[in-house]
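Chain and residue survey
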Amino acid sequence: METRHIAHIIIEADTPLKVGSNASDFLQDSPIQKDFNGLPMILGTSLAGVLRKDFDKGLVNEIFGKENGSKVIISNALLLDEKGKVSEELLLEKTKFLKIFDNLPIREHTAITEKGVAREHSKFDEEVLYKGSHFKFSIELIESDKIIFNEILDLLLSSSFRLGGGSTKGFGKIKIIDITTQSFTKDDYETYSSSLNHPLKGETRTSQDKKDENYINYTLHVEPEDFFMFGSGFGDSDADATPVYERVIDYENAKLKEEQILIPASSIKGALAHRTAFHFNKEMLKQGKDHTKVAEENKAVLAIFGHKKELNEENKELGQKGKILISDCFKEIKKDETKTFDHVSIDRFTGGAIDGALFNEKTIALKDKWDIEILLHVDITGTELQAFESALTDITTGMLPLGGMTTKGHGAFVGTLLNRWRKI
């Protein structure tokens, strides 16, 4: 038997994770994958698929297998409890901490047309994992060359590495908490336990994020000029429309933190897509080209943001994955950092209020800095890139408001745009 290199990896969900089970139930359209204890999990095949996609194309078939078997063995990633252990056996009763994961956040989505209204039949909801959730898994390489093993582990540290679905909607970013590795000879391997709770006795790697040279790294360093609101679609005792909040796991205190204000990446993506189309069309007209396409028919939008899967007239599946990665943003907020506005529709004939037309919304009044990270693939060049960067600049100047109720003056942000940590 050749030398085997084994790593135990602990990861944290730096943004919510969408690890779908490819099923549906009565409560949501897309529930997450769960293990035999009903706890969230990430299949080893999902991890292997992402690593294979990003690995050296010249060696990928030799290491991950094609005609021959794979030299890489990846376990399922199991949820860590408050003691830092995984549940590998059937639990008779869940701890108070693990019961938190019985009810997970639900994200509501709907496509917005170029007219700013919801597209018909486009509402969709997804179950996601809490930001801050910890998972542990193992990677085993049946290969004497440790350099290849380290190259596989380096993929986990890449700034563009994402797990699960919805990476263009803000999901899937992870943070490496710990990587412990150990190499085994034939005699040593006989004493190895496959349990993730059995610690390795080798090296602990220092986890440092690595820039992926295939992506341009943008950061919107902005703050709201006044009030903003990313709507939840629900009301409360104070207002008919409320901002979207989401809770985050706190492992240190073994609990859920208080609700935090959320800026969903999907909302930023939608605003950028429409404004990118505007700037692209504007540039085309300057060049004397009649190009006024919008939404997914726009060349720049299609190249950057992709196209949903659908069947054409020949029954062939069409679709294109986006080449942009945006991360959800969270921030703690106090109850006194909100502002409720009252509205009423006025009868134009009488000048009085229309009966039953009173409406109010709760907005965020938190004047604080936000860092919104955006990665764009280097394949995007020329007019498409120019249009996209113009859209980003519009956000930093308040010309492209974000969130809901923008026609009422909400959602203007100002700040700077950084490209690879340099001001543009």
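Look up a bit, the structure's there.
So, here's what we can say about the structure. (Residues numbered from 1 in each chain as written. Predicted model: local features only at pLDDT ≥ 70, side-chain atom pairs only at ≥ 80, totals over all residues. Heavy atoms only, no water.)

**Some details on the overall build of the chain**
For the chain, the count of helices and strands is eight helices and 23 strands. Burial status across the chain gives 46% buried among its 424 residues. Here the analysis covers contacts within the chain between residues at least 6 apart in sequence; of these, 71% occur between residues at least 24 apart. As displayed, the chain offers around 22,400 Å² of accessible surface, 49% of which is attributable to carbon and sulfur atoms. (Helix = DSSP H or I, 4+ residues; strand = E, 2+ residues; numbered from the N terminus. Buried < 20%, exposed > 50% of the residue type's maximum accessible area, 1.4 Å probe, protein only. Contact = heavy atoms within 4.5 Å. Areas by Shrake-Rupley, 256 points an atom, 1.4 Å probe, with all protein chains shown as cover.)

**Thoughts on the sheet that holds strand 14 (residues 260–263)**
Taken in spatial order, the three strands line up as 11-14-18 in an open sheet, and their pairing is antiparallel. In this open sheet, the two edge strands, each paired with only one partner strand, are strand 11 (245–246) and strand 18 (329–332). Strand direction decides the pairing type here: strand 14 and strand 18, joined by four bridges, are antiparallel. Bridge pairing in strand 18 links isoleucine 263 to cysteine 329. (Pairing = 2+ DSSP bridges.)

**Digging into the pairing of strand 19 (residues 338–346)**
Where strand 19 meets strand 20 (residues 353–364), eight bridges bridge the pair, whose relative direction is antiparallel. By the bridge assignment, phenylalanine 341 is partnered in strand 20 with glutamate 361. Where strand 19 folds back on strand 20, the antiparallel hairpin that results is connected by six residues, among which glycine 351 adopts a positive phi of roughly 80°.

**So, the nonpolar core**
Note that soluble globular proteins tend to have their nonpolar side chains buried in a common cluster. In terms of nonpolar packing, the biggest core is built from 52 residues, with Ile9 and Ile139 touching the most fellow members. The dominant element in this core, judged by the number of residues it contributes, is helix 4 (residues 146–156), at six residues. When neighbours within four sequence positions are excluded, isoleucine 139 is seen to be in contact with His5, Ile6, Ala7, Ile9, Leu51, Val72, Ile73, Ile74, Phe149, Ile152, Leu153 and Leu156. Ala265, Cys329, Phe330 and Leu392 belong to the second largest nonpolar core, which has 41 residues in total. (Core = buried A, V, L, I, M, F, W, Y, C linked by side-chain atoms within 4.5 Å.)

**A look at the side chain of serine 167**
Looking at the element boundaries, serine 167 is found in the loop between helix 4 and strand 8 (174–184). A polar side-chain atom of serine 167 sits 3.3 Å from a polar atom in the side chain of lysine 321. With sequence-adjacent residues up to four places away left out, serine 167 is seen in contact with Arg162, Lys321, Leu325 and Ile326. (Polar contact = N/O pair within 3.5 Å; in protein donor to acceptor, adjacent residues only side chain to side chain.)

**Examining the environment of glycine 202**
Within the secondary structure, glycine 202 sits in the loop between helix 5 (186–189) and strand 9 (203–205). Residue glycine 202 is classed as partly exposed on the basis of its relative accessible area, which comes to 36%. When the C-alpha positions of glycine 202 and alanine 7 are compared, they lie 9.0 Å apart, and in sequence the two are 195 residues distant.

Note that every value here comes from positions in space, so none of it alone points to a role or purpose.
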